[in-house]
Amino acid sequence: MKEYHITLIETNNPAILKFEANHFLVKQNYEFKNIDEAKNSPLAQQLFYLPFIKTVYISGNFIALERYDIVQWNDVKDEVAQQLVEYLNAGEPIVNEPETSKKVAVTVYAEVTPNPAVMKFVANKAIVPSIFEFKNIDEAKDSELAKQLFHFPFVKEVFFDQNYVSVTKYDVAEWDEITMEVREFIRDFLAEGKEVVSAEAKQAEPTNGNPDLEGKEVVHDDTSKQIIDILEEYVKPAVASDGGNILFQSYEEQSKTVNVILQGACSGCPSSTFTLKNGIETMLKNMLGDKVHEVVALNG
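Residues numbered from 1 in each chain as written. Predicted model: local features only at pLDDT ≥ 70, side-chain atom pairs only at ≥ 80, totals over all residues. Heavy atoms only, no water.

### Some thoughts on the sheet that holds strand 8 (residues 132–134)
Stated formally: A pair of strands is labelled paired if DSSP reports no fewer than 2 bridges between them. Secondary structure follows DSSP: runs of H or I at least 4 residues long count as helices, runs of E at least 2 residues long count as strands, and numbering of each begins at the N terminus. Lines fitted to C-alpha atoms define the axes here, with helix axes fitted over just the stretch in contact, and angles between the N-to-C directions of these axes take values from 0 to 180 degrees. Any two residues whose heavy atoms approach within 4.5 Å are treated as being in contact.
Strand order across the open sheet formed by five strands is 6-7-10-9-8, with antiparallel pairing between neighbours. Of all the strands in the sheet, just strand 6 (108–112) and strand 8 have a single pairing partner and so form its edges. Along the sheet, successive strands turn relative to each other by an average axial angle of 20°, direction set aside. Pairing geometry for strand 8 and strand 9 (residues 155–161), over three bridges, is antiparallel. Across the sheet, the residue bridging to Glu133 is Phe159, located in strand 9. Docked against the sheet, helix 4 (residues 175–191) engages strand 6, strand 7 (118–123) and strand 10 (164–169), running at close to 30° with respect to strand 7.

This is how it looks when you write it as structure tokens:
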């Protein structure tokens, strides 16, 4: 059974707050302005019992709520988030969506990455709610798309993030020979409306090299938190555009060493060392001063 977590995200409109889930909630977009309009959404109906709820938006992996001015979000947001978590984890219906076998309109295009072994296949819609990485077909047991991609003899690794798939190939094939085949296969899979990853699929998260920490929350010191913030704001967007990801693993205060994990196109990329030393390491040194001496990367 899926275990839901909610992240609060502010919007440009102070009256609207997003409650983002770690799993997809619905296939379509919905807007309800009152409890009558929400007759097909038990969740929205329940939310309208809160006297300050003006509008309910449900789309993809988030619920956005617009409030009346009788309250401020700071006074009620935690209680609403807790109510949503309890509702979702109870397995209650979100929206009673009609079943359909009609194909979904999906486009997928191929994009080269700095890593010559990796091609990025970008869809025009979100395909996963988080990051997933599969090194082999055994790891892909909870992802039908990754499992099927591994049936291609030239596929070495598969990486999912938001709206794209990064595929790492073996040297037995050249991209100009296989790109079209892989692109069409991914497009057809998505067009069938199939689930890319199941609820049991393990998200790609670091455990600091300690298997005992797997699935547990890691408490970071202040410097580690600063490093994570810098990576999230300045590094991850650029890395994602190249079909990869970077994860903070640990900070060694005594040696002032930052350990990170490279995933997707960044893993094993010939230019990753240059980027690491001349980009990320320099940035952290400039922003954190003598707290950082070196950045060391491990391939995910």
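### Some thoughts on the nonpolar core
Taken as a class, soluble globular proteins show a tendency for nonpolar side chains to be buried jointly. Counted only if it meets this: Throughout, nonpolar core names a set of buried Ala, Val, Leu, Ile, Met, Phe, Trp, Tyr and Cys residues whose side chains join them through atoms within 4.5 Å. Each residue's exposure class comes from its accessible area (1.4 Å probe, protein chains only) as a fraction of the maximum for that residue type: buried when under 20%, exposed when over 50%, partly exposed otherwise.
By size, the foremost hydrophobic cluster in this structure holds 32 residues, and its most contacted members are Phe19, Val56, Ile58, Ile63, Leu65 and Trp73. For this core, the element with the most residues is helix 2 (residues 73–89), which contributes eight residues.

### A few points about the sheet that holds strand 2 (residues 16–21)
A sheet is described by the order of its strands in space; here five strands give the open sequence 1-2-5-4-3, paired in antiparallel fashion. The sheet terminates laterally at strand 1 (6–10) and strand 3 (29–32), the two strands that pair on one side only. When the angles between neighbouring strand axes are averaged without regard to direction, this sheet yields 20°. Pairing analysis gives five bridges linking strand 1 to strand 2, with the strands arranged antiparallel. Within the sheet, the bridge partner assigned to Thr7 lies in strand 2 and is Glu20. Its contacts with the sheet place helix 2 against strand 1, strand 2, strand 4 (53–59) and strand 5 (62–67), and it is angled at close to 30° to strand 2.

### Some thoughts on a negative patch on the surface
Heads up, the condition is: Patches were defined on residues exceeding 30% relative accessible area and lacking a salt bridge, with like-charge contacts within 9 Å and nonpolar side-chain contacts (Val, Leu, Ile, Met, Phe, Trp, Tyr) within 5 Å. For the area figures, the Shrake-Rupley method with a 1.4 Å probe applies, and any residue is considered shielded solely by the protein chains shown. A pairing counts as a salt bridge when a side-chain nitrogen of Lys or Arg comes within 4 Å of a carboxyl oxygen of Asp or Glu. A positive count includes Lys and Arg, and a negative count includes Asp and Glu. His and the chain ends are not counted in either. A charged residue contributes its charge at one atom only: NZ of Lys, CZ of Arg, CG of Asp or CD of Glu.
Judged by side-chain charge, Asp171, Glu174, Asp176 and Glu177 come together as a negatively charged surface patch. Tracing the chain through its elements places Glu177 in helix 4. Glu177 gets classed as exposed once you look at its relative accessible area, which sits at 58%.

### So, the packing of aromatic side chains
What counts, and what does not: Planes of paired rings set the category: under 30 degrees apart is stacked, over 60 is edge-to-face and the rest tilted, where pairs are Phe, Tyr or Trp rings (Trp by its six-membered ring) whose centres lie within 6.5 Å. Any Lys NZ or Arg CZ found within 6 Å of a ring centre and within 35 degrees of that ring's normal is scored as a charge over the ring.
Scanning all chains against the criterion turns up eight aromatic pairs. Taken together, a centroid distance of 6.1 Å and an interplanar angle of 10° make the contact between Tyr30 and Phe32 stacked. Put simply, the rings of Phe19, Phe52 and Trp73 pair up and form one aromatic cluster. Between the NZ or CZ atom of Lys18 and the centre of the ring of Phe62, over which it lies, the distance is 4.1 Å.

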